[in-house]
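Here are the chains, one letter per residue:
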Amino acid sequence: MKILVTGGAGFIGSNFVHRTLETHPQHNITVLDSFTYAANEANLPAGIEVVRQDICQPLTGSFDLIVHFAAESHNDNSLRDPLRFIKTNIEGTAQLLEYARLNDARFHHISTDEVFGDLALDDPARFTPSTPYNPSSPYSASKAASDHLVRAYVRSFGVQATISNCSNNYGPRQHPEKFIPRQIINLLHDEKPRLYGDGLNVRDWIHVDDHNDAVWTIIEQGEVGETYLIGANGERSNKQVVEGLNVAFDRDPKDFVHVTDRPGHDRRYAIDPSSTEALGWRPQYTFARGLKETIEWYRANPQWWADSREVAEETYLQVEKELG
Ligand code: NAD
Ligand code: TDX
């Protein structure tokens, strides 16, 4: 197949490209990316074909399959500049769906568990494909809208599309603005991890390779028109994650600081992954192994994160001042 990977220079998309070269070398990959602040040239394997283009522009060329990762992906940014999220995540997805409609291309849409809103800490429920949508931030609302567009194109035009909603990813090549890399890099500088609010918010962590293997399972085994939820039974509070990181750096587990909370901060996400497990997929990573390898990756690649970390920390400083 000729595969177009949108957002292939970002975190999950680039890991998908690397993984696909290992596990599905028979396919031909093109990356489409507009190289926003979130992209990194060094994420791309040598020799890969790249189209530098905004997904809001009409797509040309001939592709059998589009795997659509490109998005504005950071909640904190969506609180400062929501319209950028509406444009890329909604209009950009619609533009790619038009290509799929007119060219009869298979489409896989990468989405997030955040479309379902949040759960209370003591709620026994987890998200399933039939959980009603209830997004909280401009980011998650724009992802929810993009999911609705995919379903509308399946129903109205017969586009051959599937959707996956995954929980929080971690692993190599994740931008230093995100929680786990930010704290690892703080610790590499002998600085304390920074927890929003009380630190009791829960995220359901999955290693990026497990996510991408699930995406391939859905592309190959999934039913067109269906939605699949991807998660690795990895619920942990942010405080637990930070304590584990401190231990990995031989520090006092309680040596972190609380900073002003994110406005509208979702309390808990939790995925019931049985829809994807029914296709035969299982996660391979334990959180302990994944975190250890991720720490080692950041330790070994300071040139990859030095510049983007500086910019991200300047922005965080500004946000902390604004939020008081
Ligand atoms: P990322 O921010 O690391 O990468 C996004 C990539 O998209 C970047 O390379 C960027 O340059 C590109 N991009 C952004 N706007 C573009 C535009 N208008 N045109 C072309 N390219 C553009 O994001 P990520 O964490 O890798 O997330 C990838 C996808 O996975 C997103 O759709 C996100 O909603 C979804 N997702 C992420 C997570 C997570 O934990 N990170 C979890 C579930 C789902
Ligand atoms: O410094 C921090 N301290 C902190 O406590 C940062 C950056 C974050 N946090 C908290 C906020 C969240 O509860 O950690 C948790 C994770 O934060 P993020 O890495 O910003 O991720 P989140 O907002 O949960 O969203 C992520 O998962 C779902 C991705 O960024 C989204 O793209 C994906 O859809």
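Before reading on, note that the structure itself is shown above.
Thresholds applied
Residues numbered from 1 in each chain as written. Chains lettered and ligands numbered in written order. Predicted model: local features only at pLDDT ≥ 70, side-chain atom pairs only at ≥ 80, totals over all residues. Heavy atoms only, no water. Axes fitted to C-alpha atoms, helices over the stretch in contact; angles between N-to-C directions. Helix = DSSP H or I, 4+ residues; strand = E, 2+ residues; numbered from the N terminus. Parallel < 35°, antiparallel > 145°, perpendicular 65-115°, else oblique. Left-handed = near helix turned anticlockwise from the far one by under 90°. Contact = heavy atoms within 4.5 Å. Nonpolar A, V, L, I, M, F, W, Y, C, P; charged D, E, K, R; others polar. Expected span 1.5 Å × (residues − 1). Buried < 20%, exposed > 50% of the residue type's maximum accessible area, 1.4 Å probe, protein only. Near = heavy atom within 4 Å. Polar contact = N/O pair within 3.5 Å; in protein donor to acceptor, adjacent residues only side chain to side chain. Areas by Shrake-Rupley, 256 points an atom, 1.4 Å probe, with all protein chains shown as cover.

(A) Layout of the packing of helix H5 (residues 179–188) against helix H9 (residues 287–300). At a minimum axis separation of 10 Å, H5 and H9 run at an interaxial angle of 55 degrees. If you check the angle between H5 and H9, you find them oblique. Note that H5 runs across H9; the crossing there is right-handed. The segment H5 lies against H9, with Ile180, Pro181, Ile184, Ile185 and Leu188 engaging Phe287, Leu291, Thr294, Ile295, Tyr298 and Arg299. Within the contact of H5 with H9, the residues separate by chemical class into nine nonpolar, one polar and one charged.

(B) Representation of helix H6 (residues 208–221). Relative to the 20 Å expected for 14 residues at 1.5 Å per residue, H6 spans 20 Å between its end C-alpha atoms, a close match to the ideal helical length. With respect to burial, H6 is a largely interior element, twelve of its 14 residues being buried. Every buried residue of H6 is listed here: Val208, Asp209, Asp210, His211, Asn212, Asp213, Ala214, Val215, Trp216, Thr217, Ile218 and Ile219.

(C) A look at the site of ligand 2. Lining the immediate environment of ligand 2, one finds 22 residues, of which Thr112, Tyr139, Arg182, Arg262 and His265 sit closest. Tyrosine 196 has a polar backbone atom sitting 2.8 Å from an oxygen atom of ligand 2. With respect to ligand 2, the side chain of arginine 203 contributes an N or O atom lying 2.7 Å from an oxygen atom. Summarising the interface, the protein chains cover 94% of the accessible area of ligand 2, which totals 660 Å² for the free molecule.

(D) View of the site of ligand 1. Around ligand 1 sit 28 residues in total, of which Ile12, Asp33, Ser73, Tyr139 and Lys143 are the nearest. Between ligand 1 and the protein, one listed contact pairs a nitrogen atom with a backbone N or O atom of serine 34 at 3.2 Å. Isoleucine 55 has a polar backbone atom sitting 2.9 Å from a nitrogen atom of ligand 1. The greatest single-element share of the shell around ligand 1, amounting to three residues, is contributed by strand E5 (residues 106–112). Among the residues forming the shell around ligand 1, the class breakdown is 13 nonpolar, twelve polar and three charged.

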